[in-house]
Amino acid sequence: MQSYGVHVSNNHSIQAIKIADVLHQYDGKTAHQVAIPAAAGFGKSVMIEEFAKSVAHRSDRPLLVVKLLKDEVTALVAAINEVSPGSAMAVKGLRDCASPAAYRDQFDKARFQNVIVMTHSMFQQSLMSDKHRDMFDRRVAGVGKRGNGGIRRQIIVDEVPNLIIQHEFTLADVDKLIEDLHFVAERMKRKYHSSFVTAAIEQIKEFRDEFGKFEVARHTTPRFGALNPGFFAPTTLNIAVKSILGYDVLERLTAVESAIRAGLQVSRVHHMVGGSRVPMLTGHVVYSLADLASDLPMICFDFTADVDPRYLDLPGLQQLALNDETDYSNVTIYYSNYNTFSKSHHEKEKSKRQFVQILKDEVWPRLNGEMPVITFHKRFYDEYIELLEEEGLEFESKIADTGRSDNSFSHLSAAVISGPLSMTAGTNTAIVEVLTSESVIDSYKIGVNGIEYDDPRVQSFVDRTAAVYILQTAARIRYAHGKKATVFVFGFPPAVRDIVANKLPGAKFVDLKLKGLRRNKAKKRDTSAEKLDQYLREFSGDEIRTKDLRDAIGVPPSTFRKFRHEAEVVQILQETGWRFATPQRLERVTE
């Protein structure tokens, strides 16, 4: 590891020996699952490469390595074949193969390779290839002519295995899917366009009608129950959709199929339509591949394995105790939760320029001449780059993602994390139901720090996921070996800061007070909107005097005119079925 430029301390050596013991314990059959939370910059990629090289020539130690990026797959295969020619190969996705035939043929060849390497996406697709995992066992996990020679590949995963599958779709997406399926059905050969295909399309139409009528109260993510637990789209339809329209449409079909069979969470999510944010009925489908992976001999190298809640999906997995003694006193983290800095905040032109001014006034003076890497949400990435360049600021940048695996910023010593990379409330709730196999409280409120979930399990999942994002993103500057580092974090609540602090003992946290930006406060108007929503849902008559409504929800006449025209109030009126017939009177909307 020293030959790769990795600093090796005594504690580092002890941890490396522990990890090596775990790697070499595998007997070819036992389904032992271990997560190794070695520190960022420890040299995990080096250990994976060197271990793969050491077993590449041994037919009794077949290996599958799962990496995040295609470039990493290519580089690892090349490194292994350099010391053991022909012993390793990459298993590629359909888009990276010359033809569908070449895609299929690679699996026949892979069975005879000592080492195969693939991306996380390909690993996920391989597990999903059939619901009983027979194909995965024969073509990927197994070894030999039939893939069942008694020896199973040891699986090493760089970072967390992606076993949670999630999809979101609106009514418009379902309508488009139905349109696509009719197009595919017309293109299918007559002998394959069976009554099963027609029945499947009709089932999806029925789902669309029922889904469209589903009522969702404000700040809730209720569950839409299974419509047909026995429903599966015909295999011939899946094949035709994939070959004619591609994998994206097949994914949408799979999501709707799962929703029909098992149900889904539903919420109202704001989507951009014509430059405006419009609330739309949105379905959140989440399911897990954990049952298919629970008996795989798998070792996961992941700095945040002891924080990331997704490991709850593998209850048999053990966390390797490394007794890490890394002191992070070289790291200073400036932390601001004066604003949520959410996606909706960054959408406003005024807010973008305000944030650039914050970077100029609060961040740059504290950099001591160091160049930072700054993360931005992909939707606003180009706009922020242009604004920062207008100010003449020198920086490097990356699109905000999981933060994992990217080592291209290790030469820097400063990082700026510009806001949460959060999922929708419906998706968070659905994931926790999958992880816990229990029903959860499906309501939330908008508080000082943004969305606050009424179910502590959902809130814990969101907080821990946010902490993983901060830890992984900040780790790109490789501060683990004593290099002085500065990290700026915007828009995360105190609970997340506490998780990060626990993971980085010794790190110095500084509350960053932002000039010209008021600390978050719970909106009084939000309480009035809540009262309005409750009053309209519980009112039994068909007409309401505006004066009575004002008195009931506590909004004075001087502010009510502005209040009634706010987007949030308009949405509540639409959802509850009321409208202003005149400024003095509301009436219930009838079909």
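Structure first, text after, so check above.
All of these numbers come straight from a predicted model, not from anything done at the bench.

Student: Can you walk me through the packing of aromatic side chains in this structure?
Tutor: Any pair of aromatic rings gets described here by the distance separating the centres and the angle formed by the planes. Counted under the stated rule, the structure contains 20 aromatic pairs. Arranged with centres 5.9 Å apart and planes meeting at 70 degrees, the rings of phenylalanine 123 and phenylalanine 136 form a pair that is edge-to-face. Separated by 13 residues along the polypeptide, phenylalanine 123 in helix α5 (residues 120-127) and phenylalanine 136 in helix α6 (residues 134-141) bring together distant segments of the chain. Across the pair, phenylalanine 136 and phenylalanine 123 agree in class, each one buried. Feature note: the residues Phe169, Phe207, Phe211, Phe214 and Phe224 constitute an aromatic cluster, connected by ring pairs. If you follow arginine 497 out to its NZ or CZ, it ends over the ring of tyrosine 335, 5.5 Å from the centre. It is arginine 564 that lies over the ring of phenylalanine 580; its NZ or CZ is 4.0 Å from the centre.

Student: Would you mind showing me how to read the sheet that holds strand β21 (residues 578-582) here?
Tutor: The pairing of strands in a sheet comes from backbone hydrogen bonds and takes either a parallel or an antiparallel form. On the basis of which strands lie adjacent, the open sheet formed by three strands has the order β20-β22-β21 and antiparallel pairing. The open sheet is flanked by β20 (543-545) and β21, the only strands paired with a single partner. Pairs of neighbouring strands in the sheet enclose a mean axial angle of 30 degrees, with direction left out of account. In terms of strand pairing, β20 meets strand β22 (residues 585-588) through three bridges, oriented antiparallel. Residue pairing across strands places arginine 545 opposite arginine 585, the latter belonging to β22.

Student: Would you mind going over the pattern of salt bridges with me for this structure?
Tutor: Any two side chains of opposite charge can pair, on the condition that their charged atoms come close. Taken as a whole and assessed by the stated rule, the structure comprises 32 salt bridges. Residues lysine 53 and glutamate 49 are paired through a salt bridge, measuring 3.0 Å at the closest nitrogen-oxygen approach. Of the two residues, lysine 53 and glutamate 49 are both situated in helix α2 (residues 44-55); the distance of four residues between them amounts to about one turn of the helix. Per residue, the accessibility class of lysine 53 equals that of glutamate 49, and both read buried. Ionic pairing is found between aspartate 158 and lysine 67, a salt bridge with its closest N-O pair at 2.8 Å. One end of the pair, aspartate 158, is in strand β5 (residues 154-158); the other, lysine 67, is in strand β2 (residues 63-67), and 91 residues separate them in sequence. The same class applies to aspartate 158 and to lysine 67, which are both buried. Taken together, the shared-partner salt bridges connect Glu543, Arg579, Arg585 and Glu587 into one network.

Student: Would you mind showing me how to read the side chain of serine 258 here?
Tutor: Its location among the elements puts serine 258 in helix α10 (residues 247-262). Take serine 258: its relative accessible area is 7%, and that puts it in the buried class. Excluding its chain neighbours within four sequence positions, the residues that come into contact with serine 258 are Gly263, Val285 and Tyr287.

Student: When you look at the nonpolar core in this model, what are you seeing that I'm missing?
Tutor: Phe123, Leu127, Phe169, Ile204, Phe207, Leu237 and Leu253 are the most contacted members of the largest nonpolar core, which totals 66 residues. Examining the composition of this core, we find that seven residues originate from one element, α10, more than from any other. Setting aside its immediate chain neighbours within four residues, leucine 253 contacts Leu177, Leu181, Ile204, Ala233, Leu237, Asn238 and Val241. If you look at the next biggest cluster of nonpolar residues, it comprises 32 residues, including Ala39, Tyr328, Ala400 and Ala485.

Student: Any chance you could explain the sheet that holds strand β19 (residues 508-511) here in plain terms?
Tutor: Pairing within the open sheet is parallel, and its six strands lie in the order β14-β13-β15-β18-β12-β19. Single-partner strands in this sheet number two, and they are β14 (396-399) and β19. Direction aside, the axes of adjacent strands within the sheet are offset by 20 degrees on average. Bridge count for strand β12 (residues 331-336) against β19 is four bridges, and the pairing is parallel. Bridging from a neighbouring strand, tyrosine 335 pairs with aspartate 511 of β19. The strands touched by helix α13 (residues 349-363) within the sheet are β13 (373-376), β15 (414-417) and β18 (485-490), with β18 carrying the most contacts at an inclination of about 145 degrees. Packing of helix α16 (residues 456-474) onto the sheet brings it into contact with β12, β13, β15 and β18, and relative to β15 it is tilted by some 150 degrees.

Student: Is there a simple way to think about the packing of helix α19 (residues 546-553) against helix α20 (residues 557-564) in this case?
Tutor: To describe two helices that pack against each other, one gives the angle between their axes and the distance between the axes. Across the interface, α19 lies against α20 with an axial gap of 11 Å and an inter-helix angle of 100 degrees. Put simply, α19 runs roughly perpendicular to α20. Residues Thr546, Leu549, Arg550 and Ile553 of α19 lie in contact with α20, whose contacting residues are Pro557, Phe560 and Phe563.

Student: What should I look at first to understand helix α4 (residues 100-110) in this one?
Tutor: Every α-helix winds through 3.6 residues per turn, so residues three or four apart in the chain are directed the same way. Turning to α4, its buried residues number three or more, namely Tyr103, Gln106, Phe107 and Ala110. The buried residues of α4 occupy one face: seen down the axis, they fall within an arc of 100 degrees. Exposed positions of α4 whose direction lies more than 90 degrees from the buried face are Arg104 and Lys109. Buried residues along α4 sit in contact with β3 (88-90), β4 (115-119), α5 and α6.

Student: Sorry if this is basic, but what is going on with unusual backbone geometry here?
Tutor: Negative phi values dominate among residues other than glycine, just as trans dominates among peptide bonds. With a phi angle near 50 degrees, asparagine 323 is a residue other than glycine that sits in the positive phi range. Residue class for asparagine 323 comes out exposed when judged on its relative accessible area of 54%. A positive phi angle is found at serine 437, which is not glycine, with a value near 55 degrees.

Rules of the game
Residues numbered from 1 in each chain as written. Predicted model: local features only at pLDDT ≥ 70, side-chain atom pairs only at ≥ 80, totals over all residues. Heavy atoms only, no water. Phe/Tyr/Trp six-rings, centres within 6.5 Å; stacked < 30°, edge-to-face > 60°. Helix = DSSP H or I, 4+ residues; strand = E, 2+ residues; numbered from the N terminus. Buried < 20%, exposed > 50% of the residue type's maximum accessible area, 1.4 Å probe, protein only. Lys NZ or Arg CZ within 6 Å of the ring centre and 35° of its normal. Pairing = 2+ DSSP bridges. Axes fitted to C-alpha atoms, helices over the stretch in contact; angles between N-to-C directions. Salt bridge = Lys/Arg side-chain N within 4 Å of Asp/Glu carboxyl O. Contact = heavy atoms within 4.5 Å. Core = buried A, V, L, I, M, F, W, Y, C linked by side-chain atoms within 4.5 Å. Parallel < 35°, antiparallel > 145°, perpendicular 65-115°, else oblique. Arc of directions from axis to C-beta.

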